[in-house]
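# Topology and contacts: notes
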Amino acid sequence: MIDSAVAQFGLTLRRIRSEDKKTLFQWRNLDEIVALSSTRRHITWEEHCLWFNKALEGSRCMVFLVEANSKPVGLVRFDAKETHGSTISIYLIPGETGKGRGAALIRGACIRAVSIWRRLQWVEARVRSDNYRSIKAFERAGFAHQAQGQELLDDHVSLRWSRSNVVSEGA
Ligand SMILES: CC(C)(COP(=O)(O)OP(=O)(O)OC[C@H]1O[C@@H](n2cnc3c(N)ncnc32)[C@H](O)[C@@H]1OP(=O)(O)O)[C@@H](O)C(=O)NCCC(=O)NCCS
């Protein structure tokens, strides 16, 4: 089962709680995470609070804290789209990447997402085309490359995971 693949690495996913606000603010403004963000700029506490409160409310956005043996190590976020889809954004904090856990984490997160959003059919990842490790992790998690969509930036690729993966893998 997929969740046990995550557990095998000592990873757990839990929905964010109000006490995570400061940690997520600090992470969001780490240079490595800023470089991955769409705006590529640091954010203010006020901007963070607006985003965080929406994320906590959770009707269109679902955020999980990734913990490794109870220590917070990363974040997975799903943003709902029309036609029963969602985008996924994921990061492990510096020092926690490159340990071979990417695919299990991504798959586990998708399984969790479809178990909560029961009508979710597909999940899309948009990744910079030079982010080879991330692309590999999504591919190994069962994401397939798609032809470039209209809103896709030139230097990004789009990969998509389908709920039917869960059925075909027997999870
Ligand atoms: C994306 C991310 C979650 C993947 O998790 P990870 O634990 O670091 O990934 P892994 O260690 O499992 O590596 C994934 C694959 O990339 C391969 N890889 C590692 N470095 C690589 C490189 N420089 N070039 C090509 N492949 C590489 C690994 O060998 C592995 O492939 P394998 O499973 O066939 O061995 C993590 O790297 C991360 O948080 N990165 C920063 C944030 C980010 O880029 N997010 C994605 C945008 S949404």
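In case you missed it, the structure is sitting above this.
Predicted model only: the values in this text are computed from it and were never measured. (Residues numbered from 1 in each chain as written. Predicted model: local features only at pLDDT ≥ 70, side-chain atom pairs only at ≥ 80, totals over all residues.)

### A few points about the site of the ligand
Test applied: Any residue whose backbone-placed C-beta atom lies within 6 Å of a molecule or strand is treated as near that molecule or strand. Only runs of H or I of at least four residues qualify as helices and only runs of E of at least two qualify as strands under DSSP, and these elements are numbered from the N terminus. Residue polarity is assigned by list, with Asp, Glu, Lys and Arg as charged and Ala, Val, Leu, Ile, Met, Phe, Trp, Tyr, Cys and Pro as nonpolar; anything else, Gly included, falls into the polar class.
Around the ligand sit 21 residues in total, of which Y91, T97, G102, Y132 and K136 are the nearest. Taken together, the elements giving at least two residues each to the shell around the ligand come down to β4 (85-92), α5 (102-116), β5 (122-128) and α6 (132-140). The leading source of residues in the shell around the ligand is α6, at six residues. Of the residues that constitute the shell around the ligand, the class distribution is nine nonpolar, seven polar and five charged.

### As for the sheet that holds strand β2 (residues 61-68)
Applicable threshold: A pair of strands is labelled paired if DSSP reports no fewer than 2 bridges between them. Placing C-beta atoms from the backbone, we regard two residues as in contact once those atoms come within 7 Å. The angle between two axes is taken between their N-to-C directions and runs from 0 to 180 degrees, where each axis is a line fitted to C-alpha atoms and a helix contributes only its stretch in contact.
Sheet architecture is open: seven strands sit in the order β1-β2-β3-β4-β5-β7-β6, paired in mixed fashion. The open sheet terminates on both sides in strands that have one partner only, identified here as β1 (11-15) and β6 (144-145). Packed onto the sheet, α5 meets β1, β2, β3 (71-81), β4, β5 and β7 (156-162) and runs at close to 140° relative to β2.

### Some words on α5
Quick reminder of the rule: Every helix has an expected span of 1.5 Å times one less than the residues it contains. Counting other C-beta atoms within 10 Å of a residue's own tells you its class, since 20 or more makes it buried, 12 or fewer makes it exposed, and anything in between is partly exposed; those C-beta atoms are placed from the backbone.
In this model α5 runs 21 Å from its N-terminal to its C-terminal C-alpha over 15 residues, within 8% of the 21 Å that 1.5 Å per residue would give. The buried count for α5 comes to twelve of 15 residues, which makes it a mostly enclosed element. Here α5 has its buried residues at G102, A104, L105, I106, R107, G108, A109, C110, I111, R112, A113 and V114.

### A word on the nonpolar core
Selection rule: Any set of buried Ala, Val, Leu, Ile, Met, Phe, Trp, Tyr and Cys residues joined through C-beta atoms within 7 Å is what this text calls a nonpolar core.
Membership of the largest hydrophobic core comes to 32 residues, with the highest contact counts inside it found for I106, A109, C110 and F138. For this core, the element with the most residues is α5, which contributes eight residues.

### Some points on α6
What counts, and what does not: Each C-beta atom gives one direction from the helix axis, and the arc is the one those directions make.
Along α6, the residues classified as buried are S134, A137 and F138. Looking straight down α6, one finds that the buried residues subtend no more than 95° of arc, so they occupy a single side. Among the exposed residues of α6, those oriented more than 90 degrees off its buried face are Y132 and K136. The positive-phi residue at the C-terminal boundary of α6 is G142, with phi of around 100°.

### Some points on the pairing of β4
In plain terms, the rule: With the strands aimed away from the viewer, a crossover counts as right-handed if its path from the first strand over the helix to the second runs clockwise.
As paired elements, β3 and β4 share eight bridges and run antiparallel to each other. Note that in β4 the partner of L75 across the bridge is Y91. Where β4 lies against β5, three bridges are found, and the strand directions are parallel. In the sheet register, S86 faces β5, and the bridge partner there is V123. Since β4 and β5 lie parallel, the crossover through α5 that links them has a hand, and here it is right-handed.

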